[in-house]
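# Understanding the architecture of this molecule
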Amino acid sequence: MAGAAPPEDVERLLIQFRDESGEPLGSPFDVPLRITPGELQLVCNALLQEDEPVPLAFFFRDAEIVVSLEKTLAGQAVETEKVLDIVYQPQAVFRVRAVTRCTSSLEGHTEAVISVAFSPTGKYEGLGAGGGLGARQGHRAEPGSFSCRRYLASGSGDTTVRFWDLSTETPQFTAKGHRHWVLSIAWSPDGKKLASGCKNSQIFLWDPATGNQIGRVLAGHSKWITCLCWEPLHINPECRYLASASKDGSVRIWDTLMGRCDKILTGHTQSVTCVKWGGDGLLYSSSQDRTIKVWRSQDGVLCRTLQGHAHWVNTMALSTDYVLRTGAFEPAEATINPQDVSGSLAELKEKARQRYEKVRGSGPERLVSGSDDFTLFLWKPAEDKKPLERMTGHQALINQVLFSPDTRIIASASFDKSIKLWDGRTGKYLTALRGHVSAVYQIAWSADSRLLVSGSSDSTLKVWDAETKKLAIDLPGHADEVFATDWSPDGQRVASGGKDKCLRMRA
């Protein structure tokens, strides 16, 4: 036809889909250079042949394809005649809505709130308060599943543990028994028990349905309790054993049914700052002696000592922390009403095991540690005592580290006023989140790994978008430093507590 423009030559290239472990999906095929993530999603889901298509993100050499493949390749040295590997990552099917408003301010504690924690299903939650930050790393509570009421728990410098009813956002029970600041709280992964440890070196167990003490006081440590952690649900659905770390340099494993100490793990020469109970039967302890020790939980044998930090190790996180915390509870199935995780112990154990193995994948758990030496180390502690990566960039001590629930991102909170994000597999630096004007004490991920909340000594909470790597929402409201924050496993609420003695709920 006269005057018609000649057909435009569309540049094409060969691509090969691969999953995160490098396994190919289908064969290489050619696509237009301008292909968009939406079009890649259609092709990839057709190859995956899933009943329900899943949201996917696509990457070329660690760079996410956001607009088109052409834009992602711009500026990169690429041989277009070769097959390009495109890595696909399944994303959470559900989306957590960013919290935007303070729904209630819960008063009752008469001293600072040091720790807060939601139960695994978001039905129960615990908070801890104290006259100071206590042990400097944030203590996370392990959640549980159970009656139709939903609670939050808090521990405080006023020596009490309080349970709050999440459906009405009102105080439910005040658990009294400690004689000093409650420094750490932890939910059993079935949600039926809350453990609390105090500056007086005692550990109490509480029933969140009644607020009453369960069994006897667990006494044996000679200095204050710095951290508590329960045995994972998929290892023991009875949630019988509890590990505690103390300033006395030891880790103790308690039989909570018998009310006695089962094992004492000694070897650290200074205060133990954090303890984690891994999903493959290993215990990890970090210390001010600059080391991390790996123990076999079954018999208490020391497997290896991880060395590299030049100062106190303040905090640790496992890549599987979130799935271990939530046990048999599936956040994607949660609604505004609490999800009852019912079934026999064997069924709960199996569901928890399946969830754990899916998150862990084919490799071992990864561990990240943060220190007063301003650095983080990424480890595969079940296999090697050499670190995978030394992560530098912070200008002050690191207070808390956390893997995102999907294990792909590590977030670190520091006294340098920033939060930094790192690749959860390689430890590679991704970005810094800046906005706080004072030290960042604690952070918490949303269940879909898309949002991160941080609490600071500047009295604010801030919600960050992990995809855009920018500030999403600024949440003022506290009158003083925010020591503790947690995001409920169902994604619907954020709780925070601090020096102003108030617990604030946001939805």
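Residues numbered from 1 in each chain as written. Predicted model: local features only at pLDDT ≥ 70, side-chain atom pairs only at ≥ 80, totals over all residues. Heavy atoms only, no water.

## Remarks on the overall build of the chain
Each helix and strand in the chain was counted, giving four helices and 38 strands. Residues counted as buried form 58% of the 507 residues belonging to the chain. Within the structure as shown, the chain displays about 20000 Å² of accessible surface, and the carbon and sulfur contribution to it stands at 48%. (Helix = DSSP H or I, 4+ residues; strand = E, 2+ residues; numbered from the N terminus. Buried < 20%, exposed > 50% of the residue type's maximum accessible area, 1.4 Å probe, protein only. Areas by Shrake-Rupley, 256 points an atom, 1.4 Å probe, with all protein chains shown as cover.)

## Some points on the sheet that holds strand 19 (residues 260-265)
Spatial ordering of the open sheet is given by 16-17-18-19, a layout of four strands whose pairing is antiparallel. Strands at the two margins of the open sheet, each flanked by one partner only, are strand 16 (225-230) and strand 19. Adjacent strand axes in the sheet meet at a mean angle of 25° when their direction is disregarded. Of the strand pairs in this sheet, strand 17 (residues 241-246) and strand 18 (residues 251-255) are connected by five bridges, and their pairing is antiparallel. (Pairing = 2+ DSSP bridges. Axes fitted to C-alpha atoms, helices over the stretch in contact; angles between N-to-C directions.)

## A look at the nonpolar core
Core analysis: the biggest nonpolar cluster contains 28 residues, and Val275, Trp277, Leu283, Tyr284, Ile292 and Leu367 have the highest contact counts within it. Contact partners of Leu283, with chain neighbours within four places excluded, come to Ala243, Ile253, Leu265, Val275, Lys276, Trp277, Lys293, Val294, Trp295 and Ser297. In this structure, Phe17, Leu40, Leu56 and Ile86 belong to the second largest nonpolar core, which totals 18 residues. (Core = buried A, V, L, I, M, F, W, Y, C linked by side-chain atoms within 4.5 Å. Contact = heavy atoms within 4.5 Å.)

## Overview of the packing of aromatic side chains
Inspection of the entire model under this criterion finds nine aromatic pairs. For the pair Phe17 and Phe29, a centre-to-centre distance of 5.6 Å together with 55° between the ring planes defines the contact as tilted. Of this pair, Phe17 sits in strand 1 (residues 12-18) while Phe29 sits in strand 2 (residues 24-32), and the two are 12 residues apart along the sequence. Here Phe17 falls in the buried class, since its relative accessible area comes to 0%. Between the aromatic rings of Phe163 and Trp187, the centroid separation amounts to 6.0 Å while the plane-to-plane angle is 70°, which identifies the pairing as edge-to-face. With Phe163 in strand 10 (residues 161-165) and Trp187 in strand 12 (residues 182-187), the pair connects residues that are 24 residues apart, well separated along the chain. No difference in accessibility class separates Phe163 from Trp187, as the two residues are buried. Every member of this aromatic cluster is reached through a ring pair, and the members are Phe17, Phe29, Phe58 and Tyr88. (Phe/Tyr/Trp six-rings, centres within 6.5 Å; stacked < 30°, edge-to-face > 60°.)

## Describing helix 1 (residues 37-48)
With 12 residues, helix 1 should reach 16 Å at 1.5 Å per residue; the first-to-last C-alpha distance of 16 Å fits that figure. The set of residues buried in helix 1 consists of Pro37, Leu40, Cys44 and Asn45. Down the axis of helix 1, the sector holding all buried residues measures 125°, keeping them to one side. Exposed residues lying more than 90 degrees from the buried face of helix 1 are Leu42 and Ala46. On its buried face, helix 1 is in contact with strand 1, strand 2, strand 3 (56-60) and strand 5 (84-90). Looking one or two residues beyond helix 1, the residue adopting positive phi is Gln49, at roughly 55°. (Expected span 1.5 Å × (residues − 1). Arc of directions from axis to C-beta.)

## Quick look at the sheet that holds strand 23 (residues 302-306)
Within a beta sheet, neighbouring strands are joined by backbone hydrogen bonds and run either parallel or antiparallel to one another. Strand order in the open sheet made by the four strands is 20-21-22-23, with antiparallel pairing throughout. Edge positions in the sheet fall to strand 20 (272-277) and strand 23, since each has one partner strand and no second. With strand direction ignored, the average angle separating the axes of adjacent strands in the sheet is 20°. Across five bridges, strand 21 (residues 282-287) lies against strand 22 (residues 292-296) in antiparallel orientation. If you follow Ser286 over to strand 22, its bridge partner there is Ile292.

## Re the side chain of Ser496
You can see Ser496 is positioned in strand 37 (residues 494-498). Since its relative accessible area comes to 0%, Ser496 is described here as buried. At a separation of 2.7 Å, a polar atom in the side chain of Ser496 contacts the side chain of His478. When residues no more than four places from it in sequence are discounted, the contact partners of Ser496 are Val116, Leu461, His478, Val482, Ala484, Thr485, Cys502, Leu503, Arg504 and Arg506. (Polar contact = N/O pair within 3.5 Å; in protein donor to acceptor, adjacent residues only side chain to side chain.)

## Here's the deal with helix 4 (residues 345-360)
With 16 residues, helix 4 extends 22 Å between its outermost C-alpha atoms, agreeing within 8% with the 22 Å of an ideal straight helix rising 1.5 Å per residue. One or two positions beyond helix 4, positive phi appears at Gly361, with a value near 75°.

## Some thoughts on the pairing of strand 17
In terms of burial, strand 17 is a largely internal element, six of the six residues being buried. Along strand 17, one buried face is formed by Tyr241, Ala243 and Ala245 and the opposite face, lined by Leu242, Ser244 and Ser246, is buried too. Bridge count for strand 16 against strand 17 is five bridges, and the pairing is antiparallel. Note that in strand 17 the partner of Ile225 across the bridge is Ser246. Counted between consecutive antiparallel strands, the loop separating strand 17 from strand 18 contains four residues, among which Gly249 sits at a positive phi close to 90°.

## Here we look at the pattern of salt bridges
If you walk through the whole model with that rule in mind, you get 22 salt bridges. The shortest N-O distance in the salt bridge between Asp30 and Arg12 comes to 2.7 Å. Here the residue Asp30 occupies a position in strand 2, and Arg12 occupies one in strand 1, the gap between them amounting to 18 residues. The exposure class assigned to Asp30 is partly exposed, which follows from its relative accessible area of 39%. Asp255 is the partner of Arg240 in a salt bridge, and the nearest nitrogen-oxygen pair spans 2.8 Å. Here Asp255 lies in strand 18 and Arg240 lies in the loop between strand 16 and strand 17, a separation of 15 residues in the sequence. Taking the relative accessible area as the measure of exposure, Asp255 reaches 1% and is therefore buried. Here the salt bridges share partners, and the residues they tie into one network are Glu20, Asp406, Arg408 and Arg425. (Salt bridge = Lys/Arg side-chain N within 4 Å of Asp/Glu carboxyl O.)

## Points about unusual backbone geometry
Glycine aside, residues mostly have negative phi, and peptide bonds are mostly found in the trans state. Although it is not a glycine, Phe374 sits at a positive phi angle of roughly 75°. Assignment of secondary structure puts Phe374 in the loop between strand 25 (367-371) and strand 26 (376-379). Given a relative accessible area of 35%, Phe374 falls into the partly exposed group.

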